[in-house]
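One letter stands for each residue in the lines below.
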Amino acid sequence: MAFHEQKVLPALRDLRNFEHILDSHYEYFVLLEVRISNLKKIIHAAKKRGKKVLVHVDLIQGLNTDDYAAEFICNDIKPAGIISTRSNMILKAKAKGILAIQRTFLLDTIALKKSYMLIERTKPDYIEVLPGVVPELIREIQEHTGCKIISGGLIRTVEQVQAALEAGAEAVTTSEMELWEAFEKAVNDTE
């Protein structure tokens, strides 16, 4: 099952909350906005505690998003997965056997059509749909692409998480600690 039944993927935006994630029952989490100099030790510390890190590579400070960066992340850092808007990152992750999550921003119909073309070319393992508060689009994208969906962005309440899951999202990414805590009990109960 996707993410071992974990329905919320905590998105770590502030490293001051890293210990909180390590002490939680969550197995998977998303790493946002980190300096390249800290990346390897964060991944190592997380793996030591049995955590699987999904790195948002577009937000790594000091790292370009070219093919060399993709190779570095896959070969040297070796996260459980990567999240990116860039096709080269997704294709490299897939080639290296790393979970590939294509992030797509649903700004308007043109952006949606461009996203469909990109998804057709990259064939990611998952699509992260932003903003995640539009259940109809979660369902539509899943039906159109046949890909598993993660929902994220602007999700602030338990009800919004539940609406995204009911619309077909496999999981929801959020940096809202209140939502991490609200859904952690469900993670604990499945262990």
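Everything discussed here concerns the structure shown above.
About the cut-offs
Positions within a chain are numbered from 1, following the residues in the order the chain's sequence is written. In keeping with the model being predicted, local features are shown solely for residues with a pLDDT of at least 70 and side-chain atom pairs are shown and tallied solely at 80 or more, while totals for entire chains, interfaces and linings include all residues. To get the side-chain values, all heavy atoms of the structure are used, and hydrogens and water are removed first. Strands are labelled as partners when DSSP assigns at least two bridges between them. Helix numbering and strand numbering both begin at the N terminus, where a helix is a DSSP run of H or I of at least 4 residues and a strand a DSSP run of E of at least 2. Between N-to-C directions, angles span 0 to 180 degrees; the directions come from axes that are lines fitted to C-alpha atoms, helices contributing only their stretch in contact. Pairs of residues are marked as contacts when any of their non-hydrogen atoms sit within 4.5 Å. Among buried residues, those of type Ala, Val, Leu, Ile, Met, Phe, Trp, Tyr and Cys that are joined through side-chain atoms within 4.5 Å constitute a nonpolar core. Type-normalised accessible area, obtained with a 1.4 Å probe on protein chains alone, sets the label of each residue: buried when under 20%, exposed when over 50%, and partly exposed for intermediate values. Stacked, edge-to-face and tilted are the three classes for Phe, Tyr and Trp ring pairs, Trp counted by its six-membered ring, which pair at centre distances within 6.5 Å; planes under 30 degrees apart are stacked, over 60 edge-to-face, the rest tilted. Any residue with an atom within 4 Å of a point lines the site, the site being either a cavity, points on a 1 Å grid over the protein atoms alone where a 1.4 Å probe fits but cannot get out, or a pocket, an open set with protein on both sides within 12 Å along at least 5 of 7 lines. Grid points are joined across faces, edges and corners, and a volume is the space filled by probe spheres set on the points. Under this definition, polar contacts are N or O atom pairs within 3.5 Å; protein pairs additionally need one hydrogen-donor-capable and one acceptor-capable atom, and for neighbouring residues in sequence, both atoms have to be side-chain atoms. By definition here, a salt bridge exists when the distance from a side-chain nitrogen of Lys or Arg to a carboxyl oxygen of Asp or Glu is within 4 Å.

## Topic: the sheet that holds strand E6 (residues 126–130)
Step number 1: Strand order in the closed barrel formed by eight strands is E1-E2-E3-E4-E5-E6-E7-E8, and the pairing between neighbours is parallel. Strand-to-strand twist across the sheet, computed as the mean angle between neighbouring axes with direction ignored, equals 25 degrees.
Step number 2: Where strand E7 (residues 148–152) lies against strand E8 (residues 171–174), three bridges are found, and the strand directions are parallel. By the bridge assignment for E8, Gly 152 is matched with Thr 173.
Step number 3: Across the face of the sheet, helix H2 (residues 36–48) comes into contact with strand E2 (28–31) and strand E3 (52–56) while running at roughly 155 degrees to E3.
Step number 4: Sitting on the sheet, helix H5 (residues 109–122) touches strand E5 (99–105) and E6, and the angle it makes with E5 is about 165 degrees.

## What to know about the nonpolar core
A general tendency of soluble globular proteins is for nonpolar side chains to be buried together.
Step number 1: Leu 31 and Leu 39 are the most contacted members of the largest nonpolar core, which has 48 residues in total.
Step number 2: Counting residues per element, this core draws most heavily on helix H3 (residues 67–77), at five residues.
Step number 3: What Leu 31 contacts, discounting residues up to four positions off in sequence, is Leu 12, Leu 15, Leu 39, Ile 42, Val 53, Leu 54, Val 55 and His 56.
Step number 4: With 13 residues, the next largest nonpolar core counts Phe 3, Tyr 28, Ile 83 and Ile 150 among its residues.

## Here we look at the packing of aromatic side chains
Step number 1: Per the counting criterion, the structure on display carries three aromatic pairs.
Step number 2: Where Phe 3 meets Tyr 28, the ring centres are 5.1 Å apart and the plane angle is 80 degrees; that geometry is what we call edge-to-face. Taken together, the residues Phe 3 in the segment before strand E1 (8–12) and Tyr 28 in strand E2 connect sequence positions 25 residues apart. Across the pair, Tyr 28 and Phe 3 agree in class, each one buried.
Step number 3: In this structure an aromatic cluster arises from ring pairing among Phe 3, Tyr 28 and Tyr 126.

## Quick word on the layout of surface pockets
Step number 1: Counted as a void, the largest pocket has a volume near 240 Å³.
Step number 2: Around the largest pocket, the lining comprises 18 residues; the ones closest to its centre are Arg 13, Gly 153, Thr 173, Thr 174 and Ser 175.
Step number 3: When contributions to the lining of the largest pocket are tallied by element, the ones reaching two or more residues are E6 and E8.

## Some words on the environment of Thr 65
Step number 1: One can find Thr 65 in the loop between E3 and H3.
Step number 2: Judged by its relative accessible area of 15%, Thr 65 is buried.
Step number 3: On a C-alpha basis, the gap between Thr 65 and Asn 88 in space is 8.2 Å, while along the polypeptide they are 23 residues apart.
Step number 4: Here Thr 65 is in contact with Val 57, Asp 58, Arg 86, Asn 88 and Met 89, once residues within four sequence places are set aside.
Step number 5: A polar contact is formed between the side chain of Thr 65 and the side chain of Arg 86, at a distance of 3.0 Å.

## Focus: the side chain of Ser 151
Step number 1: Position of Ser 151 relative to the elements: it lies in strand E7.
Step number 2: Judged by relative accessible area, which is 0%, Ser 151 ranks as buried.
Step number 3: Within the structure, the side chain of Ser 151 is placed 3.0 Å from the backbone oxygen of Gly 132, a separation counted as a polar contact.
Step number 4: Ignoring sequence-local partners within four residues, the contact set of Ser 151 consists of Val 129, Gly 132, Ile 138, Ala 164, Ala 169, Ala 171, Val 172 and Thr 173.

## Considering the pattern of salt bridges
Step number 1: In total, this model carries nine salt bridges according to the counting rule given.
Step number 2: Across the salt bridge formed by Arg 13 and Glu 33, the nearest N and O atoms sit 2.5 Å from each other. Separated by 20 residues along the polypeptide, Arg 13 in the loop between E1 and helix H1 (18–23) and Glu 33 in the loop between E2 and H2 bring together distant segments of the chain.
Step number 3: With relative accessibility at 44%, the residue Arg 13 sits in the partly exposed group.
Step number 4: Among the ionic pairs, Lys 94 bridges to Asp 125, the shortest N-O distance being 3.6 Å.

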